[in-house]
Amino acid sequence: MEWQVRAIRGATTVSENSVEAIREAVMELLEQLEQGNHLDPNDIISAIFSATRDLDAIYPAAIARERPHWDNVALLDVQQMHVEGSLDRCIRCLIHVNVPKPNAVIYHPYLRQAKNLRPDWSILSDRSHTIAPVAGS
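Residues numbered from 1 in each chain as written. Predicted model: local features only at pLDDT ≥ 70, side-chain atom pairs only at ≥ 80, totals over all residues. Heavy atoms only, no water.

Across its full length, the chain holds three helices and four strands. Start at the N end of the chain and walk to the C end: the helices and strands fall as β-α-β-α-β-β-α. Within the chain, the fraction of its 137 residues that count as buried is 39%. Taking all contacts inside the chain whose residues are at least 6 apart in sequence as the whole, residues at least 24 apart take part in 85%. In the structure as shown, the chain presents an accessible area of about 7600 Å², 51% of it carried by carbon and sulfur atoms. (Helix = DSSP H or I, 4+ residues; strand = E, 2+ residues; numbered from the N terminus. Buried < 20%, exposed > 50% of the residue type's maximum accessible area, 1.4 Å probe, protein only. Contact = heavy atoms within 4.5 Å. Areas by Shrake-Rupley, 256 points an atom, 1.4 Å probe, with all protein chains shown as cover.)

Looking at the chain as a whole, the pLDDT averages 86, with 85% of positions reaching at least 70. A low-confidence stretch, residues 123–137 (pLDDT under 50), is modelled with 25 contacts involving residues beyond four sequence positions or located in other chains. (pLDDT = per-residue confidence, 0-100.)

Here we take up the UniProt feature "binding site: prephenate" (unreviewed entry) in the chain. Here, the residues flagged by UniProt with the feature "binding site: prephenate" (unreviewed entry) are Arg9, Arg92 and Tyr110. Spanning 102 residues, the named residues form one tight spatial group whose C-alpha atoms are at most 8.8 Å apart. Looking at where arginine 9 falls in the secondary structure, it is placed in strand E1 (residues 4–13). Of the residues examined, arginine 9 reaches a relative accessible area of 36% and is grouped as partly exposed. Mapped onto the fold, tyrosine 110 is located in the loop between strand E4 (90–99) and helix H3 (119–127). Residue classification places tyrosine 110 among the buried residues on the basis of a relative accessible area of 4%. Of the polar contacts made by the side chain of tyrosine 110, one reaches the side chain of arginine 9; its length is 3.2 Å. (UniProt positions renumbered as here; feature names shortened; annotations may be inferred. Polar contact = N/O pair within 3.5 Å; in protein donor to acceptor, adjacent residues only side chain to side chain.)

If you trace the four strands from one edge of the open sheet to the other, you get E1-E4-E2-E3, paired in mixed fashion. This sheet does not close on itself; its edge strands, each paired only once, are E1 and strand E3 (74–79). The sheet shows a mean angle of 15° between the axes of neighbouring strands, direction not considered. With ten bridges connecting them, E1 and E4 associate as antiparallel partners. Looking at the pairing, glutamine 4 lines up with valine 99 of E4. (Pairing = 2+ DSSP bridges. Axes fitted to C-alpha atoms, helices over the stretch in contact; angles between N-to-C directions.)

Proximity of charged atoms lets side chains of opposite charge pair with each other. Taken as a whole and judged by the stated rule, the model has five salt bridges. Between arginine 112 and glutamate 24 there is a salt bridge; the shortest N-O distance is 3.2 Å. With arginine 112 in the loop between E4 and H3 and glutamate 24 in helix H1 (residues 19–36), the pair connects residues that are 88 residues apart, well separated along the chain. On the accessibility criterion, arginine 112 (29% relative accessible area) is partly exposed. For glutamate 34, the salt bridge goes to arginine 67, with nearest N and O atoms at 3.0 Å. Remark: arginine 67 occurs in the loop between helix H2 (60–64) and E3 and glutamate 34 occurs in helix H1; sequence separation between them is 33 residues. What you see here is one network of salt bridges that share partners, running through Glu24, Glu28 and Arg112. (Salt bridge = Lys/Arg side-chain N within 4 Å of Asp/Glu carboxyl O.)

Structure representation (structure tokens):
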């Protein structure tokens, strides 16, 4: 079996700047990411979370640390660069993971209002939540 490190992106929005709302959104995002890509958390190398400047009630990485088998994942939180007119209350993630099929199609979950950030990926994610080999591989 040939393993390769792949990067998976995702994003979501939060209804309000509270621990409860951030926890709900981050858990939903990570659940979609894990299930949609059939990930074993033990294969996750690292995760970087960015949050817009209007979210400061809790670190998204602290919530990720609560997930089963995420205790050995290297986690980092950063503040998203502010751009006037950009999406408010947004959390993005970039996760590096070992995958057994280097040519697999990756599901990048963009949830809630974050679907507007990558409408091309949102359409694809609505069709399938499975990793499938790329044609010709």
